[in-house]
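Listed below, chain by chain, are the residues.
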Amino acid sequence: MSKLATVYGGSGFVGRYIVRRLAKAGWRVRVAVRRPNEAIFVKPYGVVGQVEPVFCNIRDDASVSAVMAGADAVVNCVGTFDKGGKNNFEAIQHEGAERIARIAASQGVSRMVHISAIGADTEAPTLYGQSKGLGEEGVLQHFPKALILRPSVVFGPEDEFFNRFAAMTKFGPALPVIGAGTKFQPVYVDDVAKAAMAGIEGDATGIYELGGPDVSSFGELMHHMLDVIQRRRLVLNIPFFVGRIMGASFDILKALSGGLVSGPVTSDQVKSLRSDNVVADDAKTLADLGIKPTSLEAVLPEYLWRFRPSGQYAAIKNSAENLRSD
């Protein structure tokens, strides 16, 4: 019988790529999510019955345990950018991660992969980074041989980074960013999935930091994105003191609305933008896993074309204009 993996948060951006690779490798997969009906799209990743979305609340021991029963490997992809409410940083990224590791150890699960983030540190300047650091501590306390992956900003067709900023270019001549000089090392989502498979298959343990082949500033990434979508916009750097005011204002608005209204940035995110998000010089990386990182140039045009003024017809239009000029 094929092996079984439970992937918590398996319908999310990174999770779905891990699920797809698991199915392709012949694993049976339980995709543990809060809303199984919204995760039906993962079923065709495998043959009939191979990939099944199941309900799970990672804030509850019984729920986590039930979907893990009989699993040979578990993967935790659950994360949040919400510091308030029931599904906050502490509940999800610290207690939830530790809960999965503790129950995996008690059930005798062979392997565990935990998706964290660059900047995870119990002493980090942000609540997000602190919760990620505490989550890693909790995982290693109960499952010392877990594989922990710390990606930089992850890009791919469903990302909330390039897609978000590309969409913003439709609404004005300027593209505002906070921390234009902050450096990132974007990593392709399927490269993260490949790294996760190394842990699932038992080929790697420990902590790895994942980044792509290039390090660029936030501003440079926006200019590259603008080239891809063939739009001219002014990349406007917003000073950090203005960003702090914006983040605090949006935090207050969200609190007053009971969480119904969310702004484009939070105070915690503004703090995070003060620090570079790149792979440390002494870290184990994709190269140590035998994975060649994928470049932005190889992927961005494949999904950002829809933000071009002429959309899917941009290449045809450009060719026609070249013919007229000849």
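Conventions used here
Residues numbered from 1 in each chain as written. Predicted model: local features only at pLDDT ≥ 70, side-chain atom pairs only at ≥ 80, totals over all residues. Heavy atoms only, no water. Axes fitted to C-alpha atoms, helices over the stretch in contact; angles between N-to-C directions. Helix = DSSP H or I, 4+ residues; strand = E, 2+ residues; numbered from the N terminus. Parallel < 35°, antiparallel > 145°, perpendicular 65-115°, else oblique. Left-handed = near helix turned anticlockwise from the far one by under 90°. Contact = heavy atoms within 4.5 Å. Buried < 20%, exposed > 50% of the residue type's maximum accessible area, 1.4 Å probe, protein only. Polar contact = N/O pair within 3.5 Å; in protein donor to acceptor, adjacent residues only side chain to side chain. Arc of directions from axis to C-beta. Pairing = 2+ DSSP bridges. Core = buried A, V, L, I, M, F, W, Y, C linked by side-chain atoms within 4.5 Å. Right-handed = clockwise from strand over helix to strand, strands pointing away.

Let's talk about the packing of helix α1 (residues 13-24) against helix α6 (residues 189-200)
Part 1: Two elements in contact, α1 and α6, have axes whose closest approach is 9 Å; the angle formed by their N-to-C orientations is 55 degrees. One element, α1, and the other, α6, form an angle in the oblique class. Relative to α6, α1 is oriented so that their crossing is right-handed. Residue-level inspection shows F13, V14, Y17, I18, R21 and L22 of α1 in contact with α6, the latter providing V189, D190, V192, A193, K194, A196, M197 and I200.

What to know about the side chain of Q93
Part 1: With respect to the helices, strands and loops of the structure, Q93 is situated in helix α3 (residues 89-106).
Part 2: For Q93, a relative accessible area of 2% gives the class buried.
Part 3: Of note is the side chain of Q93, whose polar atom sits 2.9 Å from the backbone nitrogen of T80.
Part 4: Apart from residues lying up to four places away in sequence, Q93 is in contact with G79, T80, N88, Y128, S131, K132 and G135.

Examining helix α10 (residues 296-304)
Part 1: Of all the positions in α10, only L296, V299, L300, Y303 and L304 are classed as buried. Axial view of α10: buried residues confined to an arc of 105 degrees, hence all on one face.
Part 2: In this structure, the buried side of α10 is in contact with β7 (154-155), α5 (162-168), β10 (187-188) and α7 (218-229).

Description of the sheet that holds strand β1 (residues 4-8)
Part 1: Strand order in this open sheet of seven strands is β3-β2-β1-β4-β5-β6-β11, and the pairing throughout is parallel. Each of the sheet's edge strands pairs with one partner strand only, and the pair in question is β3 (51-55) and β11 (206-210). Between one strand axis and the next, the sheet turns by 20 degrees as a mean value, whatever way the strands run.
Part 2: Lying over the sheet, α6 contacts β4 (73-76), β5 (111-115), β6 (147-151) and β11, oriented at roughly 170 degrees with respect to β6.

Regarding the nonpolar core
Within soluble globular proteins, side chains that are nonpolar tend to cluster in buried spots.
Part 1: Counting residues in each nonpolar core, the largest one holds 70 residues, and the members touching the most others are I18, F162, M222, M225 and L304.
Part 2: Ranked by residue count, the leading element in this core is α6, at eight residues.
Part 3: Leaving out residues up to four positions away in the same chain, L304 has contacts with F162, N163, A166, M225, V228 and I229.
Part 4: A32, C56, I58 and V64 belong to the second largest nonpolar core, which has 23 residues in total.

Re the pairing of β5
Part 1: Among the five residues that make up β5, four are buried, leaving the element largely enclosed by the rest of the structure.
Part 2: In this structure, β4 lies alongside β5, joined through four bridges in parallel fashion. Within β5, the position partnered with V75 by the bridge is V113.
Part 3: With α3 bridging β4 and its parallel neighbour β5, the resulting β-α-β unit is right-handed.
Part 4: Of the pairings in the sheet, the one linking β5 to β6 comprises three bridges and is parallel in character. Residue H114 lies in a different strand from β6, and its bridge partner there is I148.
Part 5: With helix α4 (residues 127-142) bridging β5 and the parallel β6, this β-α-β connection has right-handed handedness.

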